[in-house]
Structure formats: C-alpha cells, structure tokens
Amino acid sequence: MALLSLNNLTFTYAHPVLLKDVTLHIERGERIGLVGRNGAGKSTLLKIINRELNPDDGSVDVGPEIVVAKLDQEVPETQNLSAFQMAAEGFGPIGVAVADYRRLNIAMADGSLLSDADQKVYDRASERLADAELWDGSDRLEGLLNEMQLPPDADFNDLSAGMKRRVLLARAMIQRPDILLLDEPTNHLDITSIIWLQNYLNRFAGTLIFITHDRVFLQDIANRIVEVDRGRLFDWTCDYTTFLKRRDDLLAAEEVAQAHFDRKLAEEEVWIRKGIKARRTRNEGRVRALKKMRQERSERRQKVGSAKLQLQDADRSGRLVAKIRNITHSFGGPPLIDDFSTTIFRGDRIGIIGPNGIGKSTILKIMLGELQPEAGTVQMGTNMSVAYFDQLRGQLDPSKSARENVSDGTDELIINGQKRHVMGYLQDFLFEPDRAHTRVGFLSGGERNRLLLAKMFSKPANVMVLDEPTNDLDAETLDLLEETLAEYPGTILLVSHDRAFLNNVVTSTIVFEGNGVVNEFDGGYDDWLRQKKGSDGAKSGNSPELKTPSTTKTNLATTANPKKLSYKDQRELDELPALIEQLETRQAELNKQMASPDFYKADKDMILAVQKESETINRKLERCLERWEELEG
C-alpha cells in the first residue's frame, strides 16, 4: 500500500481549474521535487496533502499512523519566544509543557528555589508529560537543536534568516515525520545555510516532497520529479537533469500531435459544411466524432508562454566603472571589509558571495559611490546609468497595481526608442490584464519579482545591480533571465545564493571569507570552489594535482611591491583621470551623433571626419588606460 495517495483530485479557486482529476501515489523513502510555473498549483498541492485545504473532489488517503509535517515558505512573527519554545510547538498543544519543564529544571539545577507559582507550573507540566508519555521530549528536542547547531535559549526574532529556518525545520522534525513537506526551503538562505540543509535532508530517512527554485538543490536531492502543468500532474522517475531532457521531448511530441489533431479537425469542419446533399447522406457516427473533437479542442489548455525579457540599450559607460584601492569599512565593530582592492571595467560580470549580514550590500554601496569607506579610495567611472534590483522589492508600492508601478501614470513606455503600451509590455512578463490591474500586495512572490524586473528593464542602464533576483522565479524564467543577461553589453554586479545562476552569469566572484577578508577569483561559484580547494590543498600538501588559484586582480593589488614614481611620472598619473574623462565624454558625444538616423544623410567628408575622430579617440583611450595601469603598479 502506498504511503500517500491522491485519487482523482480536483481543486479550483477560479477559472481555469488549478488541479483537475489528478492521481498520484507516493511510496516510503521517495524524494519528490515538485516543479512547474509560478501559479501552477504547487503550493496548493502541498497544502492539500497537509490538510490545510480540502479538494473540491477526490480524496487524499494517508496510511495508518503516518505523520505528515510541513516547513512553510514564510517565517512567522513571534513575541518573546526562544528557539526552544518555537521548536517545541512541533509537539502540538503539549509543547508549552515541554518548554516549561525544561526551563524550570534548568533553574533547579542551578540551585534556584521555585516560587509557588513556578512550582504549580512545574507540577502541571510534569503531569501532562506523564499522561502523554513524553518524559524524554525535552531531551530529544535539545539534542535535535544541538545537532542543528542552534542555541536553544536565543530569542527567535534575533536569529538570522538561516537560523530561523533551522528552528522551523526542528519544529517539523521533532514530530518524527514519515512525510516532510518543504515549500521553497532555500529562499533567503545564504549558500552556507543551503549546503547545510542539503546535507541534512540527504540524511533524512523519510519521504520528502518539496518545492524549490534552486536547481542545484533540486538535482542533488530529488530522485523523482512531479510537474504541475495546466491542471495536470506529469510524473517522472528520474533526477532533474534527466527530467529536463525528457520533458522537452514530450513537449515536442505534444506539439506534433496537436498539429495533427488540428488538421484533422479542420478537415472534418470542411466536410460538415458541404452542401445539402452531403449533409443528407452524412455518416452520423462521423458527426458524433466531430462533436467530440470540438469538445476536446475547446478544453485544451495551451502551455503558458515564456516571459519576453528585453533590456534597454543605454549609452556606454566609460571603460572604467570603479577603481577601488585598499578599502576598509566597519560599523563600529570588527571590519566587514579589510584592505580590499579591485578594478571594475565596462562589461565585467561580478558575483558577490558570502553569508547573510557579512557585508555584501555594504561593498555594493561602496562600489557605486553611495557609501564612503572608512579607509582607502574609490574612483568612479563616467557616464554611468545604474539600474537596481532590490531583493526586498522596496521599489514596488504594494498599494498600487502592477500597471501603476511600472507606468508611473502613463499609458505608454519608450522601450529602445519604440513606443509600447504598458499593458502589452507587462504581457511580455506574463501579466495578463487581470493580474496587471491587481494590487502588488496581492501578487505572489514570483509575480512581484517579475514585476520588479519589468520596472527595472523599462529604464535604460549600463550598470545593472541585482540583489537576489532569483527568489521565487520559476525555472523557465530563470533560464530566460540568464540568457538575457548573457547578451547584456553593460556591467553586472550580482549578489546571489543561487549557485547555478552564479555559474551561468558571472565571470568573476568577490568572496567574503570572514573576519574582514575579501578575495576575488576568476569564474563562477564552482570555479571559486576549485580554486579554494586547490589553494588549501597546496598549503596542506595533500592534493598536489590541484592547481592553486589563478592570480586575481585582488592578489595583484595587495601583494605587488609598490614602486616610487618620479616627479614626472607622478604628475602624469595625477593628470590621467581628467584626460580619460574628457576623452570618454567626447567619445559618448560622437557615438550619439553616429547613432542618429540622419547622420549618414550628411556630407561624405563630414561622416569620414567623425568616424576618423572616433577611431583616434579610441586609440588614445586605450593608451591612457594602459599607461594608467602601468603607473598605478
């Protein structure tokens, strides 16, 4: 008998039906990844399994004495609860007695005498634990919290996002579940916390059913993929990578079959519309078959299209975006950044990696000239136009509709020089008219992220700052965002805990190693791991086959011996930034002139003169920048 069965289950909030007549059987020990587009019904399916929602039709059958526990996507707000008290809620109503029993036992062990009120609480807690045969509940929970590296007596509200997630996982795991449901468990976790969770779940012996946008997490844990698509469930007994290939093959076959069906239906429609003589002698069985085909075609649900992400072209920034030398910064305590240097050029794609709260947002503000470091220098480039994606979505007004947030009160947008109606533009980001007029406060997390991308991409920019852009986005939109960023000619500064996204987008990584140490490495997340392992192996002598990290801009800046410049060279170095800025400003003017549609209607000699000047300035710029790097050492 299956551990859990969904039988002919149907559920709907409104048209179209979210889940229609679906059946699914789940066995012990399976690790099922639920995938599908935003809004397809994945979270609804988990809520039905957890009895938070009742299906319109069909049944959910769970084996006898099977325990189902769920880790929700949202972290709840609490009042004055410790980590232990929050996790003890997993015991149900008796959780309060478990927490009281532990607290008062600790007080007595310290030699404190209990007040009359506390003695009554202790006696009542002891009585309830005895009735429930849960004398070991406190010890079990404390052992679980220690295994999860959680401080039992810490205030839950003061914990980091990753620690809060661990407490909520402990609350679910203390129930000793046979089936564990996880809804986006990696959201807002840093990479260290994600890897810890990944390893912990791989040791879990029960059945997992989980939703995640983290493709590395999904590939590592799932041994079965269930796709929610157009009201149906598609079952794939394989890992995520194999699923992607098989699904593409299925969609291709479905497209061929539907095209054949549509041709056949068109032929039958022609036949039924023939003259009176043909209708008198027509085959009634063929007529009934036609009616059935019409019904089948009317019930067909087309696959939701992909978003159409299009970045706005902007005037190029100067070749130099930012030059950072020996910066140090703290907020009254130990330094978050200690003596870090780098140079960012136009077209660089830099990923920033580190635990939550370690200083990633701080270094972004310093790079963009929004924050002055306590020590060191930052030289900003010229002609910079910055677009910012905020993971907290602070640029969106929750009281306004999606349309109002993007349009700023107008009906038309200018996208790459062309007028676009705001509704048509929003449809590119999968907002149908009813969702476009919905207040942001009622949109899902994935919809809000798509809306913020739409707002961000509606303005020209040559420097793009993306702070956790992947949260809540479905796999198709993630893939498209990666492809769009790959074609972007400007500069990208990316903070992300999505390892696959980092690997596919960035060309170098700035990594917070702790204690103020910040280093830069070539490549994405996996490249950093290899270089880090190579460096550690070289130091220990255990892995001679691994190469040490390639020399990075940071290594050069911090280890090279500075040379003393002559008076003439120092004067030249001091004058170079102004000269470079002057050349870049003139180059931007010429580029704008040559981009005008009327430019090539002008006199031939004038066209040649402008093109020649542009080439000359390009050569001068290259020489100046090379000389600058040479003098800087």
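Worth saying up front: this structure is predicted, and the values here are computed from it rather than measured. All residue numbers here refer to positions counted from 1 along the written sequence of the relevant chain. Only residues with pLDDT of at least 70 get local features here, since the model is predicted, and only at 80 or more are side-chain atom pairs given and counted; chain-wide, interface and lining totals rely on the full set of residues. For side-chain calculations, the full set of non-hydrogen atoms in the structure is used, while hydrogens and water are omitted.

Student: Whenever I open this one, the side chain of Asp229 confuses me. Can you help?
Tutor: The helix count covers DSSP runs of H or I at least four residues long, the strand count covers runs of E at least two residues long, and both are numbered beginning at the N terminus. Relative to the elements of secondary structure, Asp229 occurs in strand E8 (residues 224-229). Polar side-chain contacts of Asp229 include one of 2.8 Å to the side chain of Arg230. N or O atoms closer than or at 3.5 Å make up a polar contact, with two conditions inside protein: a donor-capable atom paired with an acceptor-capable one, and, for residues adjacent in sequence, both atoms drawn from side chains.

Student: Explanation requested: helix H3 (residues 95-109) in the structure shown.
Tutor: Within an α-helix, residues lying three or four positions from one another point in the same direction, as the helix has 3.6 residues per turn. The end-to-end C-alpha separation of H3 is 21 Å, in line with the 21 Å expected for 15 residues at 1.5 Å each. With a 1.4 Å probe rolled over the protein chains alone, any residue whose accessible area is under 20% of its type maximum counts as buried; one over 50% counts as exposed, and the rest are partly exposed. Listing the buried residues of H3 in full gives Gly95, Ala97, Val98, Ala99, Asp100, Tyr101, Arg102 and Leu104. Whether two residues are in contact is decided by their heavy atoms, any of which lying within 4.5 Å being enough. On its buried side, H3 packs onto helix H2 (83-88), helix H4 (116-131) and helix H5 (137-147). One or two residues past the end of H3 sits Gly111, with phi positive at roughly 90°. Under the convention used throughout, the expected extent of a helix is 1.5 Å for every residue step, that is, one less than its residue count.

Student: So what exactly am I meant to see when it comes to the confidence of the model for the chain here?
Tutor: Parts of the model with low pLDDT should not have their predicted coordinates read in detail. Here the chain averages 82 in pLDDT, while 88% of its residues score no lower than 70. pLDDT expresses how confident the predictor is about each individual residue, on a scale running from 0 to 100. Of all secondary-structure elements in the chain, the lowest mean pLDDT belongs to helix H20 (residues 553-559), at 35, while strand E7 (residues 207-211) reaches the highest, 95. Contacts from residues 538-562, a stretch scored under 50 in pLDDT, to residues over four places away or in other chains number 33 contacts.

Student: Hey, could you run me through the sheet that holds strand E2 (residues 19-26) in this one?
Tutor: Pairing between the strands of a sheet is mediated by backbone hydrogen bonds and can be parallel or antiparallel. At least two DSSP bridges between two strands are required for those strands to pair. Strand order in the open sheet made by the three strands is E2-E1-E4, with antiparallel pairing throughout. The outermost strands of the open sheet, each flanked by one partner alone, are E2 and strand E4 (57-62). For this sheet, the mean inter-axis angle between neighbouring strands, taken without regard to orientation, is 10°. In this structure, strand E1 (residues 4-11) lies alongside E2, joined through five bridges in antiparallel fashion. To obtain each axis, a line is fitted to C-alpha atoms, and for helices this fit is confined to the stretch in contact; angles are then taken between N-to-C directions over 0 to 180 degrees.

Student: Hey, could you run me through the packing of helix H6 (residues 161-173) against helix H7 (residues 191-202) in this one?
Tutor: Helix packing geometry: the angle between the two helix axes and the distance between the axes. Across the interface, H6 lies against H7 with an axial gap of 10 Å and an inter-helix angle of 20°. Classified by the angle between their axes, H6 and H7 sit roughly parallel to one another. Here H6 runs over H7; the crossing is right-handed. Of the residues in H7, those touching H6 at Gly162, Arg166, Leu169 and Met173 are Ser193, Trp196, Leu197 and Tyr200. Residue classes follow a fixed rule: Ala, Val, Leu, Ile, Met, Phe, Trp, Tyr, Cys and Pro count as nonpolar, while Asp, Glu, Lys and Arg count as charged, and any other residue, Gly among them, counts as polar. Classifying every residue of the contact of H6 with H7 by side-chain character gives five nonpolar, two polar and one charged. Working rule for angles: under 35 degrees goes down as roughly parallel, over 145 as roughly antiparallel, 65 to 115 as roughly perpendicular, anything else as oblique. Each crossing is labelled by how the near helix is turned from the far one, with a counterclockwise turn of less than a right angle marking it left-handed and a clockwise turn marking it right-handed.

Student: Could you clarify how one ought to interpret the sheet that holds strand E6 (residues 179-183) in this entry?
Tutor: With mixed pairing, six strands are arranged side by side in an open sheet as E5-E6-E7-E3-E8-E9. Whereas interior strands pair on both sides, the edge strands pair on one side only; in this sheet they are strand E5 (68-71) and strand E9 (232-236). Adjacent strand axes in the sheet meet at a mean angle of 20°, parallel and antiparallel pairs treated alike. By the bridge criterion, five bridges tie E6 to E7 in an arrangement that is parallel. By the bridge assignment, Leu181 is partnered in E7 with Ile209.

Student: So what exactly am I meant to see when it comes to the pattern of salt bridges here?
Tutor: Salt bridge, as applied in this entry: a Lys or Arg side-chain nitrogen positioned within 4 Å of an Asp or Glu carboxyl oxygen. Tallying each qualifying case throughout the model produces 18 salt bridges. Taking the shortest distance from any N to any O, the salt bridge between Arg499 and Asp214 comes out at 3.5 Å. Residue Arg499 is located in helix H18 (residues 499-505), and its partner Asp214 is located in the loop between E7 and helix H8 (215-221); the two are separated by 285 residues in the primary sequence. In this structure, Arg499 and Asp214 share a single accessibility class: buried.

Student: Sorry if this is basic, but what is going on with the nonpolar core here?
Tutor: Only buried Ala, Val, Leu, Ile, Met, Phe, Trp, Tyr and Cys residues count toward a nonpolar core, and they belong to the same one when joined by side-chain atoms within 4.5 Å. Met148, Leu169, Leu180 and Leu201 are the most contacted members of the largest nonpolar core, which totals 55 residues. Take this core: its biggest share by element is six residues, from H6. Every residue in contact with Leu169, bar those within four places of it in the chain, is listed here: Leu71, Met148, Leu180, Leu182, Trp196, Leu197 and Tyr200.

Student: Looking at this model, I keep getting lost on H4. Mind explaining?
Tutor: The terminal C-alpha atoms of H4, which comprises 16 residues, lie 23 Å apart, in line with the 22 Å expected from a rise of 1.5 Å per residue. Within the span of H4, buried status applies to Tyr122, Ala125, Ser126 and Leu129. Seen along its axis, H4 keeps its buried residues to an arc of 100°; they face one direction. Opposite the packed face of H4, turned more than 90 degrees from it, sit the exposed residues Asp116, Lys120 and Asp131. The inward-facing, buried residues of H4 abut H3. In this context, the arc is that of the directions from the helix axis out to the C-beta atoms.

Student: Help me understand the packing of H3 against H4 in this model?
Tutor: Where H3 meets H4, the axes come as close as 9 Å, and the angle between the chain directions of the two elements is 130°. By the criterion of interaxial angle, the relationship of H3 to H4 is oblique. Between H3 and H4 lies a crossing whose hand is left-handed. Within the contact between the two elements, H3 uses Ala97, Val98, Asp100, Tyr101, Arg103, Leu104, Asn105 and Met108 and H4 uses Asp118, Val121, Tyr122, Ala125, Ser126, Arg128 and Leu129.

Student: How should a positive patch on the surface be read in this particular structure?
Tutor: Each patch is built from residues lacking any salt bridge and having more than 30% relative accessible area; the joining distance is 9 Å for like charges and 5 Å for nonpolar side chains (Val, Leu, Ile, Met, Phe, Trp, Tyr). Computed by Shrake-Rupley with a 1.4 Å probe, the accessible areas treat only the displayed protein chains as cover when residues are assessed. Residues scored as positive are Lys and Arg, those scored as negative are Asp and Glu, and His as well as the terminal groups of each chain are ignored. For this purpose, a charge sits on NZ of Lys, CZ of Arg, CG of Asp or CD of Glu. A contiguous patch of positive charge, built from Lys612, Arg619, Lys620 and Arg623, is present on the exposed surface. Following the sequence through the fold, Arg619 ends up in helix H22 (residues 604-632). Look at Arg619 and you get partly exposed, because its relative accessible area is 46%.

Student: I keep staring at the packing of aromatic side chains and nothing clicks. Help me out?
Tutor: Between two aromatic rings, the relevant description is the distance of the centres plus the angle of the planes. Stacked, tilted and edge-to-face pairs are distinguished by plane angle, under 30 degrees for stacked and over 60 for edge-to-face with tilted covering the rest, among Phe, Tyr and Trp rings (Trp via its six-membered ring) whose centres lie within 6.5 Å. Evaluation of the coordinates by the stated rule reveals seven aromatic pairs. Aromatic pair Tyr101 and Tyr122: ring centres 5.5 Å apart, planes at 10°, arrangement stacked. Of this pair, Tyr101 sits in helix H3 while Tyr122 sits in helix H4; the two residues are 21 residues apart in sequence, bridging distant segments of the chain. Tyr101 sits in the buried class, given a relative accessible area of 15%. Ring geometry for Trp196 and Tyr200: centres 5.2 Å apart, planes at 15°, overall stacked. Of this pair, Trp196 and Tyr200 are both found in helix H7, four residues apart, which corresponds to roughly one turn of the helix. Each of the two residues, Trp196 as well as Tyr200, counts as buried. Three or more aromatic residues joined by ring pairs make a cluster, and in this case those are Tyr101, Tyr122 and Trp135. Two limits define a charge over a ring: the Lys NZ or Arg CZ must be within 6 Å of the ring centre, and within 35 degrees of the ring normal. Between Arg166 and the ring centre of Trp196, over which it is positioned, the NZ or CZ distance is 4.2 Å. One Lys or Arg, Arg319, reaches over the ring of Phe345 and ends 4.9 Å from the middle of that ring.

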